[in-house]
Amino acid sequence: MGDIDPAFVQEQEHRPKLSIIEAQGIPEIDLSPLFHHQVPNPSAIESLVKEIGSACKEWGFFQVTNHGVPLSLRQRLEEASRLFFAQSLEEKKKVARDAINPNGYYDTEHTKNVRHWKEVFDFTSHDPTLIPLNSDENDDRVTQWTNQSPQYPPQFRAIIEEYIKEVEKLAYKLLELIALSLGLEAKRFEEFFKDQTSFIRFGHYPPCPYPDLALGVGRHKDAGALTILAQDEVGGLEVKRKSDQEWVLVKPTPDAYIINVGDIIQVWSNDAYESVEHRVMVNSERERFSIPFFFFPAHYTLVKPLEELTNEENPSKYRPYNWGKFLVNRKSGNFAKKKVENIQIYHYKIA
């Protein structure tokens, strides 16, 4: 084993294969019809809605180009992220998260009780963000998560806030397209995000001497509604292809975003769309940076299949659950090892 800490080592069946299959056919969707016309072109929007619908159904993942987020802003954010992680551990720990406030820096995250080969800095899009005090269904008390402001690089917080505004606009546009693809009103999902609990994560994956044993992030599905990922040119994101259950590498496309459907959309759509399992490989030579934005609804949202998408032939497949309680439960499992499995949507599946 050499000198790798056993906490990082994946179980045999979940270790990465170093012979990589590169994903063919992950949909790449050009969003320019949303932006480049004074008057929207109904037929272009309609074909966009169809593309999004089939990407959500067949992959649960797609890439978007011409998405309206300024490239210069993304580059400034990526540069600030590199500068932040290049600091000493002592400096980064000045903005460390703790068990009470999960915003800030940490390097001990776990998925399925195996530690990730990475360090992160988390920042919520609304400051403060209201959240349940705990995951007890009978306790109505709420608390606040607040953001930490690193001193270095200067202006880091201002750049993050500017970027969140832009990526949020994209998130709402994608939600509209997804709603239309399900035959719903375009703004059907908007009400759930009034007091959203979304956050942005800066991830740094240092070179790993044992890329055959460890993962940057172990296999998981995203719990929220949508994830909008900016990854650098190094890549490493793998998706479990639905057609054959093989792990396939998502090759980075310059200036594109990778979008994945989260568990909440799976529940809202009553399984018409499925959130997909994914993980992050590490490599022994190059560090990797990524910036996902996790689009989450308000803490008081009761997540359940939408009435418009259920009927006698297609009854509701999930019991309702409170999003805030679910989130608090999940966050506590990421911070420390648990004896039991982290909460998942299938725990609410109706048999």
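Reference entry: report on the structure contained in this document. (Residues numbered from 1 in each chain as written. Predicted model: local features only at pLDDT ≥ 70, side-chain atom pairs only at ≥ 80, totals over all residues. Heavy atoms only, no water.)

**Let's talk about the sheet that holds strand β3 (residues 104-106)**
- Sheet architecture is open: eight strands sit in the order β1-β2-β14-β11-β16-β9-β6-β3, paired in mixed fashion. Lying at the two open borders of the sheet, with one neighbouring strand each, are β1 (28-30) and β3. Pairs of neighbouring strands in the sheet enclose a mean axial angle of 25 degrees, with direction left out of account.
- With five bridges joining them, strand β9 (residues 199-205) and strand β16 (residues 288-295) adopt antiparallel strand pairing. Bridging across to β16, phenylalanine 199 finds its partner in phenylalanine 294.
- Along the sheet, helix α2 (residues 71-85) makes contact with β3, β6 (119-124), β9, β11 (226-231), β14 (257-261) and β16, crossing β9 at roughly 55 degrees.
- Running at roughly 130 degrees to β11, helix α4 (residues 156-181) makes contact with β2 (61-65), β6, β9, β11, β14 and β16 of the sheet. (Pairing = 2+ DSSP bridges. Helix = DSSP H or I, 4+ residues; strand = E, 2+ residues; numbered from the N terminus. Axes fitted to C-alpha atoms, helices over the stretch in contact; angles between N-to-C directions. Contact = heavy atoms within 4.5 Å.)

**A look at empty space enclosed by the protein**
- Throughout the structure, instances matching the rule amount to two cavities of 30 Å³ or more.
- Volume-wise, the second largest cavity comes out at about 40 Å³.
- Taken together, Tyr172, Leu175, Glu176, Ala186, Lys187, Arg188, Phe189 and Glu190 make up the lining of the second largest cavity.
- Residue composition of the lining of the second largest cavity, grouped by class: four nonpolar, no polar and four charged. (1 Å grid on protein atoms, 1.4 Å probe; cavity = no way out; pocket = protein on both sides within 12 Å on 5 of 7 lines; lining within 4 Å. Points joined across faces, edges and corners; volume = space filled by probe spheres on them. Nonpolar A, V, L, I, M, F, W, Y, C, P; charged D, E, K, R; others polar.)

**Considerations on the sheet that holds strand β10 (residues 217-220)**
- The antiparallel open sheet is built from four strands, whose spatial order is β10-β15-β12-β13. Whereas interior strands pair on both sides, the edge strands pair on one side only; in this sheet they are β10 and β13 (247-249). Along the sheet, successive strands turn relative to each other by an average axial angle of 20 degrees, direction set aside.
- When β10 meets strand β15 (residues 278-280), the two strands line up antiparallel, connected through two bridges. Considered in β15, the bridge of valine 217 is made with valine 280.

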